[in-house]
Amino acid sequence: MEFFRIHRTIPFMRHAVVLNAISLITFLLAVFFIATRGFHLSIEFTGGTVMEVSYEQTAQLDQVRSAVAALGYSDFQVQNFGTSRDVMIRLPLAEGQTSAGQSETVLQALQKVDPSVELRRVEFVGPQVGRELVENGLLALLFVVIGIMIYLGIRFEWKFAVAGVVANLHDVVIILGFFSFFQWEFSLPVLAGVLAVLGYSVNESVVIMDRIRENFRKHRKASVREIIDGAITQTISRTIITHGSTQMMVLAMLIFGGPSLHYFALALTIGIWFGIYSSVFVAAALAMWLGVKREDLVKPVKKEGEPEVETP
């Protein structure tokens, strides 16, 4: 399906050097902020107190958040679980307070708003659990990157595999750089969003690489730059449809999803836009600079007693 068709090839690769220089500067700035500012980790990584409370009627999450915020907490999570009457509250570690003391103070504040609230469970999540979550998250990211490289190397060619992985890591590091610079809360949903962006971005790269291979078969006299420019131009309509529809859904989560989905949707939004950029300008340009050529993707087929011919 196409909304429009561009009949004249757009020379994207003519500006590849400038655009990749901008990309490199952005990447280095993201690395600098990550190294110097670190992340504002949620209590899932740092440890804290988890409370479960229950209401007689549907819980008003905004009132719960207001009551907890009035106690001086700025980094906390409030969300439904199970039913609309059950609420989970996650509180950060407070110096000089125990989990029991924190939960009692919060419960008293909630009871002033709604006396029907009942405390069901209090649990302390220690920093050891946080370290395990960090390690597991980094391992998940490593396995995803390795899997993407193996997949691209088998389906296409090692030059495309390297270009695709570099472009995808470019997206991930820039997302992390945004969270580090603005000190947005980095939680498990955000980590899930980062991993989702990896798969989402590689899909766009695969589409463009597939069209490059197809154009190598169709246009035997065209240069590598012309082939790549043509492949990107031919997939523009598909890119707009795919990313536009995805962004509409993510914007709905960002605007109407509430605090629980806010940073998850924000990570996806950054990833979608930089994913388009990296697939078009970073991955394709790197493949061109690595020396990808027609013979890498269109293998000759040789039959006994006949000269070599190329696969159609």
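Use the structure listed above.
Residues numbered from 1 in each chain as written. Predicted model: local features only at pLDDT ≥ 70, side-chain atom pairs only at ≥ 80, totals over all residues. Heavy atoms only, no water.

Enquirer: Let's hear about the nonpolar core: which residues, and what values?
Expert: Ranked by size, the top nonpolar core spans 55 residues in total, and within it Met13, Leu152, Ile212 and Ile232 carry the most contacts. For this core, the secondary-structure elements that each account for two or more residues are α5 (127–155), α6 (158–182), α7 (188–218), α8 (224–234), α9 (236–256) and α10 (259–289). By residue number, the principal contributor to this core is α10, which donates 16 residues. Once residues within four sequence positions are removed from consideration, Leu152 is found in contact with Glu157, Phe160, Ala161, Gly164, Val202, Val206 and Met209. (Core = buried A, V, L, I, M, F, W, Y, C linked by side-chain atoms within 4.5 Å. Buried < 20%, exposed > 50% of the residue type's maximum accessible area, 1.4 Å probe, protein only. Helix = DSSP H or I, 4+ residues; strand = E, 2+ residues; numbered from the N terminus. Contact = heavy atoms within 4.5 Å.)

Enquirer: Describe in detail unusual backbone geometry, supporting the description with residues and values.
Expert: In this model, Gln183 sits at a positive phi of 55°, which is unusual for a non-glycine residue. Relative to the elements of secondary structure, Gln183 occurs in the loop between α6 and β6 (185–186).

Enquirer: I'd like a description of the packing of α6 against α7, backed by residues and values.
Expert: Here α6 crosses α7 at 145°, and the two axes come no closer than 9 Å. As for how α6 packs across α7, the hand of that crossing is right-handed. For the pair α6 and α7, the contacting residues are Phe160, Gly164, Asn168, Asp171, Val172, Ile175, Leu176 and Phe179 in the first and Val190, Val194, Val197, Leu198, Ser201, Val202, Ser205, Met209 and Ile212 in the second. Partitioning the contact of α6 with α7 into residue classes produces 12 nonpolar, 4 polar and 1 charged. (Axes fitted to C-alpha atoms, helices over the stretch in contact; angles between N-to-C directions. Left-handed = near helix turned anticlockwise from the far one by under 90°. Nonpolar A, V, L, I, M, F, W, Y, C, P; charged D, E, K, R; others polar.)

Enquirer: Hey, could you go over a nonpolar patch on the surface for me, with residue numbers and the actual values?
Expert: Together, Leu139, Leu142, Phe143, Ile146, Ile150 and Ile154 make up a nonpolar patch on the protein surface, roughly 610 Å² of accessible area in all. Classification of Ile146 by relative accessible area gives partly exposed; the value is 40%. (Patch = residues over 30% accessible without salt bridge, like charges linked within 9 Å, V, L, I, M, F, W, Y side chains within 5 Å. Areas by Shrake-Rupley, 256 points an atom, 1.4 Å probe, with all protein chains shown as cover. Salt bridge = Lys/Arg side-chain N within 4 Å of Asp/Glu carboxyl O.)

Enquirer: Tell me about the pattern of salt bridges, and name the residues and values.
Expert: Tallied over the entire structure, the rule returns 8 salt bridges. Ionic pairing is found between Asp62 and Arg65, a salt bridge with its closest N-O pair at 3.5 Å. Here Arg65 and Asp62 lie together in helix α3 (residues 61–69), a separation of 3 residues that amounts to about one turn. Its relative accessible area of 15% is what places Arg65 among the buried residues. Measuring nitrogen to oxygen at the nearest pair gives 2.1 Å for the salt bridge that ties Glu123 to Arg121. According to the relative accessible area criterion, Arg121 is partly exposed, its value standing at 28%. Overlapping salt bridges bring together Glu52, Arg121 and Glu123 as one network.

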